[in-house]
Every structure is written in C-alpha cells, then in structure tokens.
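Chain by chain, the residues run as shown.
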Amino acid sequence: MRKRWRGAWLLLLALETFGFQEGDPEEPTGLMCYQMGPSRGMNCTWPSRTGPEANTTYTLHYQSLKFKRNQTRSSQAPAGQSWVVIGRSSLTHNENYAVWVEAGDGTQITPRLTLTPHEIVKPDPPVLSLVDVTPVVTVTWTNPQWPQHFSLDLACHLRYRVSGTPNWTRVHEEDVEPNIYEFSSLEPFTAYEVQARCIPGDRKGFWSDWSPSQTFRTPEAAPLGLVDVWRVASPPESGETSLLLLWKPLNSEAARGVIRSYSLAFRSGSNSSESLESACCNVSLPSRTTHVWISANNHVGRTQPAYLSLERQDLPAPAGVRAVAVHGQDLLVTWEPSKDPLEGEPTEYLVEWAEECSSSKAASLDWVRRPAGTHRALLTGDFRPRVPYQVRVYGLYPGGFGASAPVRAYIQEGVPSAGPQGLQDHSISKEASIISWEAIPLAQRNGHITHYTLYLATPTESPQTYQPIAATETSYNLSGLEPGTSYQLWMTGSTSAGEGNASSIHLFHTPDSRWEAVLASLLAVGFLLFLACVLGAVLHVQLLDLCQKVLPSWCWEKVPDATHSRIMLHEDPHSYRGPLVRAAAAEEPPITELHIAEPAEHVNHGYSTLPQLESPVPARPHGAGADDGPGSKPRTEELGPSSLEEAWGEQAPVISGYEKHFMPTLEEVLGLA
C-alpha cells in the first residue's frame with residue numbers, strides 16, 4: 001500500500017513538473033509537499049483556480065496512516081492563497097500521511113498524496129567560498145546543518161558560467177570532491193559565476209535551491225591571435241595626404257588580459273624600419289609607408305605581429321560587387337574573384353564600408369576579412385535606415401592590394417525628402433523648351449533614385465505628368481507647348497519606397513509668335529543694308545564716275561576751305577587775323593612803286609610771262625639808309641622776276657590752292673584766254 005501511494009505521488013510530481021494535468025484542464029490537480037530542512041515544517045502548494053473563483057478559500061487535510069490511523073487534521077489557507085505551511089510540531093517523525101486539498105464548497109480539487117516527512121526533506125542551499133584564483137581557481141562550500149538521525153552525507157552539484165551569459169555548465173558529480181572543487185580549464189581573464197546545490201545522500205527528498213552565485217575572475221595570460229589592421233587615406237591639418245592606420249581592439253577572448261598598448265613598426269620603401277608605441281586604435285603615418293607590423297601587449301606578453309603591405313595598390317581587384325539588404329538590418333555583399341595569371345587569387349579579401357555622407361570617413365569606417373575562396377560576406381553592424389553606405393571589396397596580396405569600384409547600398413530605403421534642384425528652362429522654339437536640373441543631394445535621396453517625374457501646369461489647366469524620366473538624366477525636352485503661355489513646372493524623385501517631396505515651382509513663358517515676324521523683318525532690313533554696304537565698297541569708283549556725269553559740278557567738285565589756306569602773312573604771328581586781315585598799325589609801311597616792263601621775249605625760268613607792275617616792296621631792315629625814313633618819298637624800281645625773288649628772299653609769297661581756284665589765271669590777265 002505504501003509503495004502504491006509512493007508511486008502515485010512520484011507520478012503526480014512528474015505530471016506537475018512537465019505540465020500534465022488530469023481531468024478538466026481548468027481545475028487544478030497538482031499537489032506538492034516538502035519538508036523545509038530536517039527540523040522545520042512542511043510546505044504544501046497546489047494550483048489555484050482562475051476567473052471568478054480566484055478568491056476561493058482552500059483547506060489542506062492530512063491524515064495519519066501509521067501511528068494515529070484515521071486521525072485527520074486540517075489547515076486552512078487565506079482566501080486566494082494556494083499554499084500552506086504545517087508546523088513541525090504537528091507532524092510525527094517516520095509517520096505516513098495522506099494529504100489532499102478541498103475548496104471552500106467542499107469539493108476535493110487534488111488527488112490524495114501519500115508521504116513520509118523525513119523522506120521529503122529539502123535541504124538549505126550550501127554556502128560557497130573562494131579559496132584561490134592563482135594559478136587555478138579553487139571553490140569550497142559548507143553544507144547546511146544536518147542532524148545525526150538523518151543521512152550523514154549530502155550529495156552536491158556544481159555549475160558555472162561566464163558572467164552575463166544564459167547557459168550553465170554542469171560539473172560531473174564524480175569529479176567533485178566533498179566540499180571542494182578546482183577549476184582547471186577556464187578562459188584567462190574572464191569573469192565567472194558558480195553555484196551549488198545539495199540533496200540527501202540516499203536521494204530521498206528534494207534538491208536544495210541553488211546557492212547564491214560566487215563570482216571570480218581568472219588570471220591574465222599572453223594575448224592570442226593577430227590585430228586586425230587596415231588603413232585609410234586622410235588629409236591632415238598640413239594639407240598633405242597622409243596615411244591613417246586603423247585597427248580593431250582585440251576581443252576579450254583574444255586579449256586574455258588588459259591590453260596596455262600596441263607596438264608598431266613601419267617602413268617606407270628601402271628605408272630602415274621605425275617603431276612606436278600607441279594606444280588604441282589609430283595613428284597617422286607618412287604617406288610613403290609601404291610596410292606595417294603591429295602587436296598588442298598586456299602584462300603577460302604580446303601577440304604575434306600582424307602584417308599589412310601597402311607597397312602596391314594597383315593589383316587585380318574583385319569585380320561585380322553587389323550589396324543588398326537582408327531582413328532590413330544586414331548587408332549581403334557578393335563579388336567575383338580577382339584572378340590574374342601573374343598574381344593569382346588574393347590570399348584574403350577585405351570588405352570595407354562607411355557612411356557616404358559622413359564628414360569623416362574614418363569615424364564611420366568598418367571592415368571584415370574573408371579567406372581566399374570566399375566570395376560573399378554578411379555585414380552586420382549598427383546600420384541606419386535611409387543612410388547611404390559606400391561598400392568596397394579589396395583583394396589582399398603579399399605585395400599590396402587591389403580595390404574594387406565602390407557601390408552604394410541602403411539597409412532600408414525611404415522616399416526622397418527633396419526634389420531635383422536648380423530647375424531651368426531654355427526655349428528652342430515657340431512650342432518647345434529644354435528643362436534642365438541638378439540631381440537631388442545625396443543626403444536627401446534616402447534611397448536609390450529609380451526615376452524622376454515632371455509636372456507641367458498652366459493657371460487654367462490641371463497638371464500634365466511626364467514620366468518616367470531616367471535617374472541618370474539631367475534634362476528633358478518639352479514639346480507641344482502653346483506659344484505665349486505661362487507655365488508652372490516642378491519635379492519629384494522616386495525610390496523603391498515611393499515618390500518623394502516635390503521641388504520648388506519654376507515659372508517660365510513661351511515666346512509669342514508675332515515676335516517672329518518682327519524679328520524676320522529686322523533681319524531682312526539688316527541684310528539689305530549689309531548688301532548695300534558691300535556693293536558700295538566694291539563699286540565705289542564706278543558710282544563716282546556716274547555721279548560726275550549725271551549731277552552738276554557743284555554737287556561733286558571739292559571746294560577748298562579758305563580757313564585752311566596755306567598763305568601765310570610774314571608779319572608778327574601774334575597779330576595774325578586771317579589770310580586777308582591785318583591788324584591796324586600805328587603807321588603805314590612805306591609804299592614802293594614798281595614799273596614792270598614787258599620783257600623782250602616771253603621766256604622765263606619756270607614762270608609765266610607777266611607785264612611789269614608796280615608792286616610794293618618789303619621794307620628793308622632798319623638802318624638801311626637815310627632815305628628810308630618815314631618821311632621819304634616813294635620810289636620806283638624796275639624789277640624782273642629774278643629781282644622779285646631777290647627782293648622777297650625767303651619770304652616769297654606762297655601760292656595756295658585757294659588762290660589758284662578763285663584768282664584769274666595768267667592767260668585771263670593778259671587777255672589771251
């Protein structure tokens with residue numbers, strides 16, 4: 001009978017543990033009791049009702065089956081409470097009990113459970129302590145107080161885990177010595193927590209609760225692995241291009257301690273190597289650097305040096321790079337291998353990405369490495385939606401690297417927040433115009449522009465739509481416009497997420513048709529004038545001869561200008577008033593009468609034959625003779641041509657064109673004409 005009840009109790013315990021129930025699923029059926037330590041009372045719990053009967057009052061009944069047969073006692077729980085504690089004084093050691101629970105209406109809600117108190121003891125958890133952590137971690141624990149009449153031994157379990165992780169590692173029971181355990185396979189410089197629990201040695205009863213965690217950190221060890229190093233070209237403050245060396249800090253598993261510094265060695269061409277110590281995680285090097293070595297140091301040792309070759313940067317590069325979003329949070333990058341007959345396939349690939357609109361590429365730059373033979377990489381990180389990322393794949397060789405063409409990728413696209421910029425129109429006829437624009441700024445695209453849409457409207461008509469316009473276009477030819485009409489124009493851009501915001505409205509006016517006639521007339525008149533000028537320049541001689549024959553002489557003859565006569569008076573230049581005007585003098589000059597006789601022969605030396613005329617002779621210089629005074633009489637001399645020339649000397653009269661035109665000729669004077 002006792003074995004039968006014990007089997008039933010174990011079955012109910014298993015059903016309760018794995019969530020199985022009997023009868024109506026809404027009715028609680030599980031009942032579990034355990035003794036809280038070897039000298040305290042018994043705690044019994046059961047599932048409570050839900051819904052309107054949540055505040056039901058429950059009563060626990062326990063009946064003696066061995067010493068005080070058929071004696072039943074009860075313990076009532078407060079309303080809504082589904083557990084009760086029976087004091088140790090109400091229980092008899094080695095007694096067998098039948099236990100069940102009834103609701104307030106007298107309904108039995110659990111099957112009868114048969115138990116013996118000393119076989120359902122649940123010990124208190126042990127108390128852990130840390131003995132030493134160098135060179136191995138040693139943990140000890142103290143068992144809870146245990147009376148002599150109970151089992152002398154407690155069997156204990158240990159478990160441990162890295163702090164902050166969800167999964168525990170169980171220590172095999174046969175590896176645990178009584179009350180002590182040494183950990184020998186833990187990771188260096190790692191925080192751990194350990195717990196323990198115990199059960200009576202005969203396995204009759206319950207496991208105690210797990211003890212509070214005892215935490216510790218393992219000792220440091222020399223770091224492992226290689227530093228992940230890369231570079232980016234960066235303009236420093238001096239304005240000259242420099243090399244910014246970047247590297248990632250070692251993870252805790254590889255660092256195995258506190259990384260104090262990084263040791264760098266670099267070389268430029270054939271120069272000797274230079275060394276320096278730096279903190280994490282970048283340093284500027286000369287732009288001519290061709291080889292770099294870097295190691296990480298902690299208190300115990302350092303890593304093997306990682307090598308980066310920058311000697312050549314034009315080696316064969318991967319091709320066909322594509323980047324697509326995966327699940328809206330990662331980027332999948334694929335590429336075709338870079339194969340060269342001379343260089344072969346790279347020793348490894350490096351995938352680099354950075355925010356394209358970032359003011360500093362180095363601030364947002366990240367990268368991952370993939371071994372040779374791998375042609376895809378899943379990029380994970382703190383990607384932001386609607387932000388453009390520039391992705392590039394490098395093939396790394398022992399002597400340098402080759403870079404692919406960059407591609408732009410979005411983790412999640414949105415509609416553009418602005419339209420095309422700087423709309424302009426250029427009229428090519430009264431019915432057609434060319435519309436040009438600038439692309440949407442990259443920061444406002446929010447995705448890959450698939451096409452543009454152009455809207456055209458007049459004040460009296462609804463807008464007309466022109467789409468799709470390729471995203472690579474920056475102009476569009478509008479035809480079929482009305483002459484002399486005002487138009488309103490605006491544009492939008494679209495991505496895979498939809499159409500974005502519109503640009504500012506651009507106003508333009510098509511030319512009026514009447515201006516074409518005016519312009520044609522002006523061009524015709526201008527052409528005729530030009531033709532007349534050309535003909536006049538070519539045929540001016542013939543036209544001048546024609547005018548001389550047709551028009552009167554006064555229309556074409558050249559009349560001398562008297563104001564430009566070359567006759568000059570040999571007087572005081574300050575008293576000159578013109579060719580025929582003399583200033584009034586204080587006294588008249590002397591007058592000399594000349595009697596010019598007719599020469600025997602009308603032959604001269606370059607002059608026409610003239611009769612002898614009385615002509616005044618210029619006054620001689622002052623003091624020439626007494627007879628030359630102002631009171632002397634005029635005198636008469638006969639002068640020939642040579643005498644005239646001698647008399648005038650260098651002051652001979654100048655014969656101008658004016659006199660030649662208006663004065664009578666020699667033939668007219670002599671009456672020969």
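Residues numbered from 1 in each chain as written. Predicted model: local features only at pLDDT ≥ 70, side-chain atom pairs only at ≥ 80, totals over all residues. Heavy atoms only, no water.

With respect to the overall build of the protein chain
The number of helices and strands found in the protein chain is 9 helices and 40 strands. Residues counted as buried form 34% of the 673 residues belonging to the protein chain. Intrachain contacts of the protein chain at a sequence separation of at least 6 include 61% that bridge at least 24 residues. As presented, the protein chain carries roughly 40600 Å² of accessible surface, and 53% of it is formed by carbon and sulfur atoms. (Helix = DSSP H or I, 4+ residues; strand = E, 2+ residues; numbered from the N terminus. Buried < 20%, exposed > 50% of the residue type's maximum accessible area, 1.4 Å probe, protein only. Contact = heavy atoms within 4.5 Å. Areas by Shrake-Rupley, 256 points an atom, 1.4 Å probe, with all protein chains shown as cover.)

Quick notes on the nonpolar core
Judged by nonpolar contacts, the single largest core of 31 residues is most densely connected at V227, W230, L245, W247 and I294. At 5 residues, strand 17 (residues 242-247) tops the list of elements feeding residues into this core. C33, W46, Y58 and L91 belong to the second largest nonpolar core, which has 22 residues in total. (Core = buried A, V, L, I, M, F, W, Y, C linked by side-chain atoms within 4.5 Å.)

Looking at the pattern of salt bridges
Side-chain pairing between opposite charges can occur once the charged atoms of the two side chains come close. Tallied over the full model, the rule gives 11 salt bridges. The partner of K248 in a salt bridge is D366, with the nearest N and O atoms 3.3 Å apart. Here the residue K248 occupies a position in the loop between strand 17 and helix 2 (252-255), and D366 occupies one in strand 26 (residues 366-371), the gap between them amounting to 118 residues. Judged by its relative accessible area of 26%, D366 falls in the partly exposed class. Each of D228, E348 and R369 takes part in salt bridges that share partners, so that together they form one network. (Salt bridge = Lys/Arg side-chain N within 4 Å of Asp/Glu carboxyl O.)

Description of the state of the cysteines
Each disulfide is one covalent bond, formed between the sulfur atoms of two cysteines. Summed over all chains, the structure comprises 3 disulfides. For C33, the disulfide goes to C44, at an S-S distance of 2.0 Å. On the sign convention where negative is left-handed, the bridge of C33 and C44, at about 120° about the S-S bond, is right-handed. One end of the pair, C33, is in strand 1 (residues 32-36); the other, C44, is in strand 2 (residues 42-45), with 11 residues separating them in the sequence. Each member of the pair C33 and C44 is classed as buried. Disulfide pairing places C280 opposite C281 at an S-S distance of 1.2 Å. (Disulfide = S-S within 2.5 Å.)

Observations regarding the environment of A354
Position of A354 among the secondary structure elements: in strand 25 (residues 348-355). Linking A354 and Y389, residues 35 residues apart in sequence, is a C-alpha distance of 5.5 Å. Once you skip the residues sitting within four places of it in the chain, A354 turns out to touch K361, S364, L365, P388, Y389 and Q390.

A few points about a nonpolar patch on the surface
A contiguous nonpolar surface patch, about 1100 Å² in accessible area, is contributed by F527, L528, F530, L531, V534, L535, V538, L539, L543, L546, V550 and L551. Those elements that provide at least two residues to the nonpolar patch are helix 4 (514-538) and helix 5 (540-550). At 7 residues, helix 4 tops the list of elements feeding residues into the nonpolar patch. Within the element layout of this structure, F530 appears in helix 4. Judged by its relative accessible area of 56%, F530 falls in the exposed class. (Patch = residues over 30% accessible without salt bridge, like charges linked within 9 Å, V, L, I, M, F, W, Y side chains within 5 Å.)

Quick word on the sheet that holds strand 22 (residues 306-309)
Consider a sheet: its strands pair through backbone hydrogen bonds, and that pairing is either parallel or antiparallel. Strand order in this open sheet of 4 strands is 19-18-21-22, and the pairing throughout is antiparallel. In this open sheet, the two edge strands, each paired with only one partner strand, are strand 19 (274-278) and strand 22. Neighbour to neighbour, the strand axes of the sheet diverge by 20° on average, direction disregarded. Here 7 bridges tie strand 18 (residues 261-267) to strand 21 (residues 291-297), and the two strands are oriented antiparallel to one another. Looking at strand 21, one finds that F266 is bridged to V292. (Pairing = 2+ DSSP bridges. Axes fitted to C-alpha atoms, helices over the stretch in contact; angles between N-to-C directions.)

What to know about the sheet that holds strand 4 (residues 72-76)
Read across the open sheet, the 4 strands follow the order 4-3-6-7; overall the sheet is antiparallel. At either end of the open sheet lies a strand with only one pairing partner, and these are strand 4 and strand 7 (113-115). Within the sheet, the average angular offset between the axes of one strand and its neighbour, ignoring direction, is 25°. Bridge count between strand 6 (residues 97-102) and strand 7: 3 bridges; the pairing is antiparallel. Note that in strand 7 the partner of A98 across the bridge is T114.

Some points on the environment of G106
Along the polypeptide, G106 turns up in the loop between strand 6 and strand 7. C-alpha of G106 to C-alpha of Y58: the two residues are 48 residues apart in sequence and 9.1 Å apart in space.

Observations regarding the pairing of strand 36 (residues 486-495)
Across the 10 residues of strand 36, 8 count as buried, placing the element largely inside the fold. Sheet topology note: the strand 33 (residues 451-457)/strand 36 ladder contains 7 bridges and is antiparallel. Note on strand 36: the bridge partner recorded for Y452 is G493. Sheet analysis places strand 36 next to strand 38 (residues 506-509), joined by 4 bridges and oriented antiparallel. In the sheet register, L489 faces strand 38, and the bridge partner there is H506. Where strand 36 meets strand 37 (residues 498-502), 3 bridges bridge the pair, whose relative direction is antiparallel. Across the sheet, the residue bridging to S494 is E499, located in strand 37. Where strand 36 hands over to strand 37, the hairpin turn is made up of 2 residues, counted between the paired strands.

Considering the confidence of the model for the protein chain
When pLDDT is averaged along the protein chain, the result is 80, and 75% of the positions lie at 70 or above. Contacts for the low-pLDDT stretch residues 578-586, under 50 throughout, to residues beyond four places or in other chains number 7 contacts. Counting interchain partners and residues more than four positions distant, the pLDDT-below-50 stretch residues 602-645 has 58 contacts. (pLDDT = per-residue confidence, 0-100.)

Brief notes about the side chain of H157
When you line up the elements, H157 lands in strand 11 (residues 154-162). Engagement of the side chain of H157 in a polar contact is seen with the side chain of E173, the distance being 3.2 Å. Those residues in contact with H157 that lie beyond four places of it in its chain are R170, E173, Q195, A196, R197, W207 and W210. (Polar contact = N/O pair within 3.5 Å; in protein donor to acceptor, adjacent residues only side chain to side chain.)

What to know about the packing of aromatic side chains
This structure, assessed with the given rule, holds 20 aromatic pairs. With centroids separated by 6.1 Å and ring planes inclined at 65°, the aromatic side chains of Y62 and Y97 adopt a geometry described as edge-to-face. Here Y62 is found in strand 3 (residues 59-64), whereas its partner Y97 is found in strand 6, with 35 residues between them in sequence. Summarising the aromatic geometry, the rings of W247 and Y262 are spaced 5.5 Å apart at their centres and angled 55° between planes, so their arrangement reads as tilted. With a gap of 15 residues between them, W247 in strand 17 and Y262 in strand 18 connect regions that are remote in the sequence. With respect to class, W247 is no different from Y262; both count as buried. Taken together, the ring pairs in this structure connect Y160, Y181, F183, Y192 and F216 into an aromatic cluster. Cation over ring: K122 sits above Y34, and NZ or CZ is 4.9 Å from the ring centre. Sitting over the face of the ring of W230, R231 holds its NZ or CZ atom 5.1 Å from the ring centroid. (Phe/Tyr/Trp six-rings, centres within 6.5 Å; stacked < 30°, edge-to-face > 60°. Lys NZ or Arg CZ within 6 Å of the ring centre and 35° of its normal.)

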